[in-house]
Amino acid sequence: MSIQEPWEPGIATEQIRSIAKSPKMAITYKLHAIDRMAERGLINSDVLYALANGFVYQKAIPATRPDLYRYRIECKTPNSGNRVVGVVVIPAVNGCLLKIVSVMWVDEYGH
């Protein structure tokens, strides 16, 4: 049974981590996210690590599609040095899908 969205940050952390660690997980990247990763020297494993180990600190933001929400999960990754990576993601629990909207350095955009 899935929990109704939008999720509070603690629940969002648990749900996103659960999807990211599932062997059934599917992941898609918007072109914007791919471009931001390239600009910042980040790779897929940085995103996957943040999704599986990070924390959501902020409230959800409605996505452009009804009943979907964006969350930013944050984490230092093995490739990020001492910087925190933020991954903006739209999760779909029922489909075990994570859509990556953007990837950023949190210190450039604030917490």
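Residues numbered from 1 in each chain as written. Predicted model: local features only at pLDDT ≥ 70, side-chain atom pairs only at ≥ 80, totals over all residues. Heavy atoms only, no water.

1. Thoughts on the overall build of the chain
Per the secondary structure count, the chain includes four helices and six strands. The helix and strand sequence of the chain, counted from the amino end, reads α-β-α-α-β-β-β-β-β-α. Counting only C-alpha atoms and orienting by the principal axes, one finds that the chain spans roughly 40 × 30 × 25 Å. Per-residue burial over the chain gives 41% buried out of 111 residues. By sequence separation, contacts in the chain at least 24 residues apart represent 55% of the contacts at least 6 residues apart. Each charge sign in the chain was given a centre, from 13 positive and 10 negative side chains, and these centres are 3 Å apart. (Helix = DSSP H or I, 4+ residues; strand = E, 2+ residues; numbered from the N terminus. Buried < 20%, exposed > 50% of the residue type's maximum accessible area, 1.4 Å probe, protein only. Contact = heavy atoms within 4.5 Å. Lys, Arg positive; Asp, Glu negative; His and termini not counted. Charge placed at Lys NZ, Arg CZ, Asp CG, Glu CD.)

2. Topic: the packing of aromatic side chains
For any pair of aromatic rings, the description consists of the separation of the ring centres together with the inter-plane angle of the planes. The full count for this structure, using the stated rule, is two aromatic pairs. Measuring from centroid to centroid gives 5.3 Å for W7 and Y71, while their planes differ by 20 degrees, and the two rings are stacked. Linking W7 in the segment before α1 (9-21) with Y71 in strand β4 (residues 69-76), this pair joins segments that are 64 residues apart in sequence. By relative accessible area, which is 4% here, W7 ends up buried. (Phe/Tyr/Trp six-rings, centres within 6.5 Å; stacked < 30°, edge-to-face > 60°.)

3. Concerning the environment of K99
Within the secondary structure, K99 is located in strand β6 (residues 97-105). On a C-alpha basis, the gap between K99 and P23 in space is 16 Å, while along the polypeptide they are 76 residues apart. Every residue in contact with K99, bar those within four places of it in the chain, is listed here: T28, K30, V88, V89 and I90.

4. As for the side chain of T77
The topology assignment puts T77 in the loop between β4 and β5 (84-92). A relative accessible area of 5% means that T77 is categorised as buried. Of note is the side chain of T77, whose polar atom sits 2.8 Å from the side chain of D46. Once residues lying within four places of it in the same chain are set aside, the contact partners of T77 are D46, Y49, A50 and V85. (Polar contact = N/O pair within 3.5 Å; in protein donor to acceptor, adjacent residues only side chain to side chain.)

5. Overview of the nonpolar core
Formed by 25 residues in total, the largest nonpolar core has its most connected members in I16, L51, Y71, V87, I100 and V103. Looking at this core, the elements that each hand over two or more residues are α1, α2 (31-40), α3 (44-53), β4, β5 and β6. For I100, the residues in contact, after removing those within four places along its chain, are I27, T28, Y29, K30, A33, V47, L51, V87, V88 and V89. Ranked by size, the runner-up nonpolar core spans five residues in total, among them A63, I90, V101 and M104. (Core = buried A, V, L, I, M, F, W, Y, C linked by side-chain atoms within 4.5 Å.)

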